[in-house]
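Below, each chain spelled out in residue letters.
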Number of protein chains: 2
Amino acid sequence: MIDLEESVKNIGILKKYTKDEILFNAQENANGFYYVQSGEIRVYKMDENGREVEVVRLEPGDFLGEAIVFVSSRFPFFAQAVKDSNVLFFEKKTILRKIESDPSAAKFFVNLLAKKCLVLNKRIESLGLQTVRQRLIQHMLSHCRGNEQCVIELKMKKSELAKILGTISETLSRNLKQMQEEGLIEVKGSRIRITNCPVLRSELSP
Amino acid sequence: MIDLEESVKNIGILKKYTKDEILFNAQENANGFYYVQSGEIRVYKMDENGREVEVVRLEPGDFLGEAIVFVSSRFPFFAQAVKDSNVLFFEKKTILRKIESDPSAAKFFVNLLAKKCLVLNKRIESLGLQTVRQRLIQHMLSHCRGNEQCVIELKMKKSELAKILGTISETLSRNLKQMQEEGLIEVKGSRIRITNCPVLRSELSP
DNA sequence: AGATATCCTTGACTTAAGTCAAAAAAAGAT
DNA sequence: ATCTTTTTTTGACTTAAGTCAAGGATATCT
């Protein structure tokens, strides 16, 4: 979740998408990037068998394609609105001109991309964790603010969470069940309540 | 491997390090980033048991800390020269001033960070691959230029490559042996010769 | 509501990969 | 060189996680 600064916001073009509408297809020219103001956007790829594989789900405050635009020219994925959504579109040409003319915009984008790098690095470290259980814990903790207790509302299918954790739904299901039996969490549908964050945290650095 | 453009190069301060010399320690203030001109730099962390875990090894043309500087203030790792090395140091203040005054420098850094994001994304995809074998193949292929045959010179201990692939040295060793028995590669010490890239490539997208 | 499809869970089984321990090989030191 | 230390390889074993298949549970549609 990142707030846009005014000078940047002004050059964005508001686009409205209705539920299920496609923002763009894979291989389309990336002549700009997106910023989600409201609603929800699903980003996905196609696997070998033509099945859709979700890459990430975007919420208000999220960017899409901000790195690609500055390097290559084609999107490697599809994007589709899950709900009616308001999205700001930043045209490549406009952005580049803005960066040249407005140092604060330049700094904004440098900072934006730098932050993204750090997030990706964290993710890499996380995937380096040995067990699915550890990666699951890490994921859950990253979604709660260090409190004793907290509730996580999954914004995606469990099978998609599994993918993100580098595993499959069956294994995720078993891990959740196991942790529930241990009294560490309570799972009800797509809501997970962590009964004791510190205990979970201690499992990550033993 | 990224070339510096002249306008950027000029604001770098040349620093010379001799073999084994420390560039900085973890937790030190990140008041600038580095660019390797010659030599070799080892980047590592300490694990719980106080053992050094290599994160990456840098060669000429590589940057270090370029994302951290623009966001947070402390290095999360150590850096040490493996050989005598020439390194350019870019001071945070100087860089920010440059970005403000020189649009081409601003674009350079935006592009630099954007590229880094894409590299990290690739790495994440790669770690998402199921088997160690697949990740190993992906790693080897990324180090050869699409030729029929090619030779890879490992710049690190095999145990460190294992870490990067998200596994352990024993498993890496067994995979290398297996692939050698299948006639796909030839391993001699830290030199791997791929006898047929296309065949390997086909294993990644079956 | 009922019907259809999708998703989640569970069980039985297989396999990949981790652990521990020891030998072999390679790299450093004297 | 020879001795010492560190890495790498190998073997025997254990365990985590994947596969396949079936039953439940939710969601979605008309």
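As the structure is a prediction and not an experimental result, all values here were calculated from the model.

1. Here we look at the protein's contact with DNA strand D
Now for step 1: Close contacts around DNA strand D come from 15 residues, with A:Val132, A:Thr167, B:Lys157, B:Lys158 and B:Arg174 the closest.
Now for step 2: For DNA strand D, the fraction of protein-proximal atoms (within 4 Å) that sit in sugar or phosphate groups is 60%.
Now for step 3: Between a phosphate oxygen of DNA strand D and a main-chain N or O atom of A:Val132, the distance comes to 2.5 Å.
Now for step 4: B:Arg174 places a polar side-chain atom, nitrogen or oxygen, 2.8 Å from a base nitrogen of DNA strand D.
Now for step 5: Elements with a contribution of two residues or more to the surface near DNA strand D: helix H7 (169-181) of chain A together with helix H6 (158-164) and helix H7 (169-181) of chain B.
Now for step 6: The biggest single contributor to the surface near DNA strand D is H7(B), with four residues.
Now for step 7: Split into classes, the residues belonging to the surface near DNA strand D amount to two nonpolar, six polar and seven charged.

2. Structural notes on the sheet that holds strand E7 (residues 78-81) of chain A
Residues and elements named next belong to chain A.
Now for step 1: As summarised here, the arrangement of the four strands in space is E2-E7-E4-E5, forming an open sheet in which the pairing is antiparallel. Looking at which strands have only one partner, the edges of the open sheet turn out to be strand E2 (22-24) and strand E5 (52-58). Taking each pair of neighbouring strands and ignoring which way they run, the sheet shows an average axis angle of 30 degrees.
Now for step 2: One ladder, built from six bridges, connects strand E4 (residues 41-46) with E5; its direction is antiparallel. From the neighbouring strand, Tyr44 faces E5, where its bridge partner is Glu54.

3. A short note on the state of the cysteines
Now for step 1: Tallying each qualifying case throughout the model produces zero disulfides over all chains.
Now for step 2: Residue B:Cys117 stays outside any disulfide, its sulfur separated by 3.6 Å from that of A:Cys117, the closest cysteine.

4. Let's talk about the side chain of A:Ser85
Residues and elements named next belong to chain A.
Now for step 1: Among the structural elements, Ser85 can be located in strand E8 (residues 85-91).
Now for step 2: One polar contact links the side chain of Ser85 to the main-chain carbonyl oxygen of Lys83, over a distance of 2.8 Å.
Now for step 3: Once you skip the residues sitting within four places of it in the chain, Ser85 turns out to touch Lys15, Lys16, Tyr17, Ser38, Gly39, Glu40 and Ile41.

Parameters at a glance
- Residues numbered from 1 in each chain as written.
- Chains lettered and ligands numbered in written order.
- Predicted model: local features only at pLDDT ≥ 70, side-chain atom pairs only at ≥ 80, totals over all residues.
- Heavy atoms only, no water.
- Near = heavy atom within 4 Å.
- Polar contact = N/O pair within 3.5 Å; in protein donor to acceptor, adjacent residues only side chain to side chain.
- Helix = DSSP H or I, 4+ residues; strand = E, 2+ residues; numbered from the N terminus.
- Nonpolar A, V, L, I, M, F, W, Y, C, P; charged D, E, K, R; others polar.
- Pairing = 2+ DSSP bridges.
- Axes fitted to C-alpha atoms, helices over the stretch in contact; angles between N-to-C directions.
- Disulfide = S-S within 2.5 Å.
- Contact = heavy atoms within 4.5 Å.

Geometry only, nothing functional implied.
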